[in-house]
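The lines below spell out each chain.
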Amino acid sequence: MRYGIIDINREKSLIRSNELDKIALGDMEHKSKVRLGFSDFSKKLYSNTKNKILKELNATEEDWNDYKWQLKNRISDVDEISKYVNLTDEEYENIKRVSEEHRFAITPYYFSLIDFNNPNCPIKLQSIPDIRELDEDGHLDPMNEEQSNPSGKITRRYPNKLIINVTNACPMYCRHCQRRRLFGNFDKNSSKEDLDESIEFIENHPTIREVLVTGGDALLLSNDRLEYIFSRLSKINHVDVIRIGTRVIVTLPFRIDEELAVLLRKYKVQVSTQFNHASEITPEAVKAIDMLVDHGVLIRNQMVLLHNVNDDKYCIQKTNEELQKYRVISYYLFHPKDVKSTKHFQVDISKGLEIMKHLEGRTSGMCKPTYVFNSPGGYGKIPLVPVENIEYQKDGYKLTTWENNEITYDYK
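My aim in this report is to walk through the structure given alongside it, one point at a time. Everything numeric here is computed off the predicted structure, so don't read it as measured data. (Residues numbered from 1 in each chain as written. Predicted model: local features only at pLDDT ≥ 70, side-chain atom pairs only at ≥ 80, totals over all residues. Heavy atoms only, no water.)

Quick look at the sheet that holds strand β10 (residues 390–393)
This is how it is decided: Strand pairing is assigned whenever DSSP detects at least two bridges linking the two strands. Each helix corresponds to a stretch of at least 4 residues labelled H or I by DSSP, and each strand to a stretch of at least 2 residues labelled E; elements are numbered beginning at the N terminus. Interaxial angle, 0 to 180 degrees, is taken between N-to-C directions of lines fitted to C-alpha atoms, where a helix line uses only the stretch in contact.
Spatially, β10-β11-β12 is the arrangement adopted by the three strands of the open sheet, whose pairing is antiparallel. Two strands lie at the open edges of the sheet, namely β10 and β12 (406–410), each paired on one side alone. Across the sheet, the axes of successive neighbouring strands diverge by a mean angle of 20°, strand direction being ignored. In the sheet, strand β11 (residues 396–400) pairs with β12 via five bridges, with the strands oriented antiparallel. From the neighbouring strand, L399 faces β12, where its bridge partner is I407.

Laid out in structure tokens, this is it:
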């Protein structure tokens, strides 16, 4: 009788396993259509464009791997783009027109990831000026940062954490950036006086336990300036956590070297980055990730949900699974902010909820970010979750599983 029960249970288990295989195989088919930074196509595209740039600039492989060379040779003019890509007259005029209103700059590395034959290339949409940016709907400062600045270069929206904005400079100016208003016409780091004033504010407010050093891209500061900031913050007894906001892992991975990794480890600095698509997860980016993680630096990803870039459930799933593979934690999925000139990136909240519902049960919990909406006016993040998952009843709850099976939980 005992063996009969075991056989029945094994048979039921195999039936269930086959059901799960069917779901997983369907997901795998869809995910296989998402472009990866490690794919043969991406590697060939990168190599071809890279070689064109090196030849045009009479540069070497050593130059290419030097982040300072990358910054010095950022592509920031439509005529520079035309050296490497055959633009139509319309494309040329549109980029030129937009760039007269809105600055752009792209590292040669990130530019080499663009598939110009694909109008919806996720790299292109994030980096190349788009004529739709001339639609100026939206807000210059949707987070009301200018009125959340009690001292120095601080932005404070929460009781026990705050931001220090240390630079307006970035390796690449994302077309969806929430701080487009700060692009300006040239790069500028915050002065030492502003940094000191910011740190003194933190010293005088024992309620602050966490500090995010950001910009712009904070890792464009020199190691000496970074150490000055980290050293002073680490001496404040009530500051438990120092984080840094950066996208250099994505757009300028050569900035990450052992000296920087050791510096971040020394002050136990945690890293928040922003991979928005699996095509950005390249061998170069993973080398930078490995350098940091192998030195004990925690990396969390804060993805932005963007129309035509990643507003697809299989794209989000695949990107986050790739990040998990390389030891990066999926932290936030940000609903796009209503930033002036970025209306073409907007998506409906229902799309984000659909994606989050899809991720339930179909992937690891380590691949499931928190989907958040940032309140206009700087009132903070609101977590968004699929509401159909839970229904309150008289003596308990009706809960819905990831396969849409309903169960009842009575708490009395």
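Notes on helix α13 (residues 283–294)
How we decide: The span expected for a helix works out to 1.5 Å for each residue beyond the first. Three exposure classes are used, based on accessible area relative to the maximum for each residue type with a 1.4 Å probe and protein chains only: buried under 20%, partly exposed in between, and exposed over 50%. Here the arc refers to the directions that run from the helix axis out to each C-beta atom.
The end-to-end C-alpha distance of α13, which contains twelve residues, comes to 16 Å, matching closely the 16 Å that a straight helix rising 1.5 Å per residue would cover. Restricting attention to buried positions, one finds in α13 the residues A285, V286, A288, I289, L292 and V293. Along α13, the residues classed as buried sweep out an arc of 155° about the axis, all on the same side. In α13, those exposed residues whose orientation departs by more than 90 degrees from the buried face are K287 and D294.

Things to note about the sheet that holds strand β2 (residues 161–165)
For clarity, the cut-off: Here, residues are in contact when the closest pair of their heavy atoms is within 4.5 Å.
With mixed pairing, nine strands are arranged side by side in an open sheet as β1-β2-β3-β4-β5-β6-β7-β8-β9. Strands at the two margins of the open sheet, each flanked by one partner only, are β1 (154–155) and β9 (381–383). Of the strand pairs in this sheet, strand β6 (residues 299–304) and strand β7 (residues 329–334) are connected by five bridges, and their pairing is parallel. Residue Q302 lies in a different strand from β7, and its bridge partner there is Y332. The strands touched by helix α10 (residues 223–234) within the sheet are β3 (210–214) and β4 (241–245), with β4 carrying the most contacts at an inclination of about 155°.

Side note on the state of the cysteines
In plain terms, the rule: Only a pair of cysteine sulfur atoms within 2.5 Å qualifies as a disulfide here.
Scanning the model with the defined rule gives zero disulfides in all. The thiol sulfur of C121 is not disulfide-bonded, and the nearest other cysteine sulfur, from C315, lies at 12 Å. The exposure class assigned to C121 is buried, which follows from its relative accessible area of 0%. Here C367 stays unpaired: no disulfide links it, and the sulfur of C315, its closest cysteine neighbor, is 13 Å away. With relative accessibility at 0%, the residue C367 sits in the buried group.

Observations regarding the pattern of salt bridges
Note the threshold: The rule for a salt bridge is simple: a side-chain nitrogen of Lys or Arg has to be within 4 Å of a carboxyl oxygen of Asp or Glu.
Applying the stated criterion to the full structure yields 30 salt bridges. With a closest N to O distance of 2.9 Å, D130 and R132 form a salt bridge. For R132, a relative accessible area of 37% gives the class partly exposed. One salt bridge in this structure joins E136 and K340, with 3.4 Å as the shortest N-O distance. In this pair, E136 sits in the loop between α8 (122–127) and β1 while K340 sits in the loop between β7 and α15 (349–359), placing the two residues 204 residues apart along the sequence. Through salt bridges with shared partners, a single network forms among K192, D196, E203 and R232.

A few points about the pairing of β4
How we decide: Think of it like this: strands point away, you trace from the first strand over the helix to the second, and a clockwise trace means the crossover is right-handed.
Of all five residues that make up β4, five are buried, and the element is covered over most of its length. Of the two faces of β4, the one carrying V241, R243 and G245 and the one carrying I242 and I244 are both buried. Here β3 runs beside β4; their pairing, made up of four bridges, is parallel. The residue of β4 that forms the bridge with V213 is I244. In the classification by handedness, the crossover that spans β3, the intervening α10 and the parallel β4 is right-handed.

Quick notes on the packing of helix α9 (residues 192–203) against α10
Definition in use: Comment on the angle field: the value is read as roughly parallel under 35 degrees, roughly antiparallel over 145, roughly perpendicular from 65 to 115, and oblique elsewhere. Note: crossing handedness is left-handed where the near helix turns anticlockwise from the far helix by less than a right angle, and right-handed where it turns clockwise. Amino acids are sorted into nonpolar (Ala, Val, Leu, Ile, Met, Phe, Trp, Tyr, Cys and Pro), charged (Asp, Glu, Lys and Arg) and polar (every other residue, Gly among them).
Their axes nearest at 10 Å, the elements α9 and α10 cross at an angle of 20°. On the basis of their axis angle, the class for α9 and α10 is roughly parallel. Both α9 and α10 take part in a crossing whose hand is right-handed. Contact with α9, carried on its side by K192, L195, D196, I199, E200, I202 and E203, involves R225, Y228, I229, R232 and L233 of α10 and no other residues of that element. Along the lines of polarity and charge, the residues of the contact of α9 with α10 split into six nonpolar, no polar and six charged.

Some points on the packing of aromatic side chains
The condition is simple: Stacked, tilted and edge-to-face pairs are distinguished by plane angle, under 30 degrees for stacked and over 60 for edge-to-face with tilted covering the rest, among Phe, Tyr and Trp rings (Trp via its six-membered ring) whose centres lie within 6.5 Å. Each ring is checked for a lysine NZ or an arginine CZ that lies within 6 Å of its centre and within 35 degrees of its normal; such an atom marks a charge sitting over the ring.
Applying the stated criterion across every chain, the model contains ten aromatic pairs. On the basis of an interplanar angle of 15° and a centroid distance of 5.6 Å, the ring pair of F38 and Y326 is categorised as stacked. Residue F38 is located in the loop between α1 (2–31) and α2 (40–56), and its partner Y326 is located in the loop between α14 (313–325) and β7; the two are separated by 288 residues in the primary sequence. Overall, the relative accessible area of 16% leaves Y326 in the buried class. The ring of Y67 has R255 sitting right over it, with the charged end atom 4.9 Å from the ring centre. Positioned above the aromatic ring of F334 is the side chain of K337, whose terminal nitrogen or guanidinium carbon lies 4.7 Å from the ring centre.

Some thoughts on α2
The terminal C-alpha atoms of α2, which comprises 17 residues, lie 24 Å apart, in line with the 24 Å expected from a rise of 1.5 Å per residue. Inspection of α2 places S42, L45, Y46, T49, K50, I53 and L54 among the buried residues, and these make up the whole buried set. The buried residues of α2 all sit within an arc of 155° when viewed along its axis, so they share a single face. The outward face of α2, more than 90 degrees from its buried face, is lined by the exposed residues D40, K44 and K55. The inward-facing, buried residues of α2 abut α3 (61–64), α4 (67–72), α7 (108–111) and α13. Following α2 by one or two positions, N58 has its phi on the positive side, about 50°.

What is shown is where atoms sit, not what they do.
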